[in-house]
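Overview (structure and organization)
Below are the chains, spelled out letter by letter.
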Amino acid sequence: MAKKYGILAYPAGHSLSPAVHNAAFKAMKVRAEYKAHEIEEVDLDDFMKMVRNNFAGLSVSLPYKEIVIKYLDEIDDHARRIGAVNTIVNNNGFLVGYNTDFLGSNKAITEVIKGPSTKGMIAVIIGAGGAARAIAYGLLSLGMNVWIKNRTKSKADAIAIELAELFDAEIHSEEWDNWQTGDILINATSFWIQNPDTTAENLPKFCDENFLREFKVVMDISYNVHLKNFPDPLMTPLLIKAKELGLKTISGDKMLLYQAVEQFKLWTGEEAPIEIMRKALEEEGKRCF
Ligand code: NDP
């Protein structure tokens, strides 16, 4: 019998994860199938019972990365400190939670910022949701100093206070109207999803050229953007601007790919076929968006 894996999300319709993981299983001759499960919160208890009884592993996406923790028997230290689980391994009915998002963003960033060390660099993160929190955790673990800013400042404050205790590197929260620059800028908001009518004339402040030009690298973790005036779902207006200014850019598919690579390792104990997963992600992205 093929082992069962899947992604839990709501909505889950446009998930690229089934294509990526099924391609990896096939390439590595792992007898397994991976499907998207769009589950409403009222059905979560029943779904998680089914996971415990029938699944070998699960990816967890919005809005369940925090809620799912109560169904687990154990949670690894990183996921516990981040406060979110995006990966579950089922060891014969014993569910263990992990977070591979921070590993995915670290890998996406360190493959672009080559050189001696990321220690002491300054990262500015915009957003204070689950993704921003995982990214901040990852960057602090690399020794980067982090400035985190969010429309709702109290959420950035909470992340800064909690993570500051865990690392030697510094983390500060910043007023929305201050625009501190640094070495790397990361957009971890869902701004593009919320604003599909964005045009070149009404870009958010974080796309301002005078702000951007001080950075060396710009990452935008959005990967499923449907803007009426910008047709490429990966090249967000932020990345377009950064490229025009000659800065290095990192699109959201990189973080997605590398977090999936870490999931594959957790589920199978084997190295993941990265290039096959990268190709599957690219093809499915073109097909869906
Ligand atoms: P959350 O819903 O937890 O957080 C959303 C964040 O976006 C909040 O900080 C929110 O601010 C901010 N935001 C939303 N609208 C606006 C706006 N109009 N102006 C300014 N800020 C805004 O989502 P996640 O953290 O889970 O995900 C964020 C994005 O990252 C999503 O687009 C998601 O698809 C993407 N993502 C990509 C991953 C990848 O692998 N590439 C992995 C995970 C997520 P406020 O608190 O004020 O509401």
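Residues numbered from 1 in each chain as written. Predicted model: local features only at pLDDT ≥ 70, side-chain atom pairs only at ≥ 80, totals over all residues. Heavy atoms only, no water.

1. Section: the layout of surface pockets
Approximately 230 Å³ is the volume found for the second largest pocket. Taken together, 15 residues make up the lining of the second largest pocket; nearest its centre are Leu-234, Asp-253, Leu-281, Glu-282 and Gly-285. For the lining of the second largest pocket, the secondary-structure elements that each account for two or more residues are α10 (252–268) and α11 (274–288). No other element matches the five residues that α11 contributes to the lining of the second largest pocket. When the residues that make up the lining of the second largest pocket are grouped by side-chain class, the tally is eight nonpolar, one polar and six charged. (1 Å grid on protein atoms, 1.4 Å probe; cavity = no way out; pocket = protein on both sides within 12 Å on 5 of 7 lines; lining within 4 Å. Points joined across faces, edges and corners; volume = space filled by probe spheres on them. Helix = DSSP H or I, 4+ residues; strand = E, 2+ residues; numbered from the N terminus. Nonpolar A, V, L, I, M, F, W, Y, C, P; charged D, E, K, R; others polar.)

2. Structural notes on the nonpolar core
Residues Ile-125 and Ile-186 are the most contacted members of the largest nonpolar core, which totals 57 residues. The element contributing the most residues to this core is α10, with eight residues. Ranked by size, the runner-up nonpolar core spans 18 residues in total, among them Leu-185, Leu-212, Val-218 and Leu-238. (Core = buried A, V, L, I, M, F, W, Y, C linked by side-chain atoms within 4.5 Å. Buried < 20%, exposed > 50% of the residue type's maximum accessible area, 1.4 Å probe, protein only.)

3. Topic: the packing of α10 against α11
The relative placement of two packed helices is expressed as an angle between their axes plus a distance between the axes. Where α10 meets α11, the axes come as close as 10 Å, and the angle between the chain directions of the two elements is 135°. Classed by the angle they form, the pair α10 and α11 counts as oblique. Crossing geometry of α10 relative to α11 is assigned as right-handed. On α11, the residues that touch Asp-253, Lys-254, Leu-256, Leu-257, Tyr-258, Ala-260, Val-261 and Phe-264 of α10 are Ile-274, Met-277, Arg-278 and Leu-281. Along the lines of polarity and charge, the residues of the contact of α10 with α11 split into nine nonpolar, no polar and three charged. (Axes fitted to C-alpha atoms, helices over the stretch in contact; angles between N-to-C directions. Parallel < 35°, antiparallel > 145°, perpendicular 65-115°, else oblique. Left-handed = near helix turned anticlockwise from the far one by under 90°. Contact = heavy atoms within 4.5 Å.)

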